Amino acid sequence: MEGIYVKNRNEALSLLGVPMDLGADRRGVDMGPSAIRYAAVKERLDDLGYEVEDLGNIQVPTPESYTVGHQQLKYLREITSVSVELADQVSNIKDRGRFPLILGGDHSIAIGSIAGAARHHRNMGVIWFDAHGDLNTEETTPSGNIHGMPLAVSLGIGHPDLVEIGGIYPKVKPDHVVVIGARDLDPGEQELIRELGIKVYTMYDIDRLGMAQVMEETISIVSNGTDGVHLSLDLDGMDPNESPGVGTPVPGGMTYRESHLAMELLAEAQVITSAEFVEVNPILDSGNKTAKNAVELIRSVFGAKTL
């Protein structure tokens, strides 16, 4: 959304790229951080009055250099190593009093992002914008791809190498988590959602209630008894017609305006303490449209308004 910043919070932001594609089946998502930078994310945040530093990218191994390993936990060792490094970097950013803004990369990077934030927020809320639940485990995964597991891992469910990153587990409690935009949940994920009582707003709920009510309820849930809120936004939460450059598109997603309204309401609530924007795949994109959408959503969550 084009606009100007009308409420300067004098916040210092630190950009950090994680060119991870080990957690996904389709190549190209490792170029997501570059695509978002090419869409001028730093400059567009500078325009809002923020003090922005770009810390570059974490080094991520390429799949060609390693073997898949466990078929139900592909590239477990490599993803664990990157997640440990990311957790340390996020924690260091928080130590310096800055806001960590992480650019992905596939959604497995949330394991490290949340682990780092959890060192500073022991009762953290999590908002998960995604077409998928990312609540699979080694036992339930249909693919073995770890990008389908990060929310489960953050809840303390999954392989110990992932769950125990950062020395704090679980990182978040089920009643502090909200999933928004879900429309493709595996059977094991559905069972876990029911078992743990995780609040999920499917696209049916968004259609029925409207995004404004969904966000009002979401903000209430993640703010109740928490000391910080992490935003994890997968661009496949949007409809593929809006954001085509994602690895696992699912029809019937959020519109451009619904997505921006959600971010604008989060900006007004001022509850977000860390964030990541993931799964931008420029190989599958058209004219860098999805990366541009990511930048505009980032601007909205940091307060960009028309008036």
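Conventions adopted
- Residues numbered from 1 in each chain as written.
- Predicted model: local features only at pLDDT ≥ 70, side-chain atom pairs only at ≥ 80, totals over all residues.
- Heavy atoms only, no water.
- UniProt positions renumbered as here; feature names shortened; annotations may be inferred.
- Pairing = 2+ DSSP bridges.
- Helix = DSSP H or I, 4+ residues; strand = E, 2+ residues; numbered from the N terminus.
- Axes fitted to C-alpha atoms, helices over the stretch in contact; angles between N-to-C directions.
- Contact = heavy atoms within 4.5 Å.
- Expected span 1.5 Å × (residues − 1).
- Buried < 20%, exposed > 50% of the residue type's maximum accessible area, 1.4 Å probe, protein only.
- Arc of directions from axis to C-beta.
- 1 Å grid on protein atoms, 1.4 Å probe; cavity = no way out; pocket = protein on both sides within 12 Å on 5 of 7 lines; lining within 4 Å.
- Points joined across faces, edges and corners; volume = space filled by probe spheres on them.
- Nonpolar A, V, L, I, M, F, W, Y, C, P; charged D, E, K, R; others polar.
- Parallel < 35°, antiparallel > 145°, perpendicular 65-115°, else oblique.

With an unreviewed UniProt entry as reference, the protein chain is termed Arginase, source organism Kroppenstedtia pulmonis. Comment text from UniProt for the protein chain, heading Pathway (unreviewed entry), reads "Nitrogen metabolism; urea cycle; L-ornithine and urea from L-arginine: step 1/1." For the record of the protein chain, the UniProt heading Catalytic activity (unreviewed entry) holds the text "L-arginine + H2O = urea + L-ornithine".

## With respect to the sheet that holds strand β5 (residues 124-129)
The 8 strands lie next to each other as β3-β2-β4-β9-β8-β5-β6-β7, forming an open sheet whose pairing is parallel. Of all strands in the sheet, those bounded by a partner on one side alone are β3 (51-57) and β7 (199-202). Going from strand to strand, the sheet's axes swing by 15° on average, the running direction of each strand aside. The sheet contact formed by strand β8 (residues 228-234) and strand β9 (residues 272-278) spans 6 bridges and is parallel. Residue pairing in the sheet places L231 in a bridge with A275 of β9. Across the face of the sheet, helix α11 (residues 289-301) comes into contact with β4 (99-104), β8 and β9 while running at roughly 170° to β9.

## Thoughts on helix α9 (residues 211-223)
Between its terminal C-alpha atoms α9 stretches 18 Å, which fits the 18 Å expected from 13 residues at 1.5 Å a residue. Those residues of α9 that fall on the buried side of the exposure criterion are M211, V214, M215, T218, I219 and V222. In a view along the axis of α9, the buried residues occupy a sector of 130°, so they form one face of it. In this fold, the buried residues of α9 make contact with β5, β6 (177-182), β7, α8 (203-209), β8 and α10 (256-269). Just beyond α9, the residue with positive phi is G225, at close to 80°.

## Some points on empty space enclosed by the protein
Overall, the coordinates contain 2 cavities of 30 Å³ or more when judged by the stated rule. When its volume is computed, the second largest cavity comes out at roughly 50 Å³. The wall of the second largest cavity is formed by F129, L233, D234, G237, M238, M254, S259, A262, M263 and L297. Grouping the constituent residues of the lining of the second largest cavity by class yields 7 nonpolar, 2 polar and 1 charged.

## Side note on the packing of α10 against α11
At a minimum axis distance of 7 Å, the contact between α10 and α11 shows a crossing angle of 30°. With respect to α11, the element α10 is oriented roughly parallel. Residues Y256, S259, H260, M263, E264, L266 and A267 of α10 lie in contact with α11, whose contacting residues are N293, E296, L297, S300 and V301. Classifying every residue of the contact of α10 with α11 gives 6 nonpolar, 4 polar and 2 charged.

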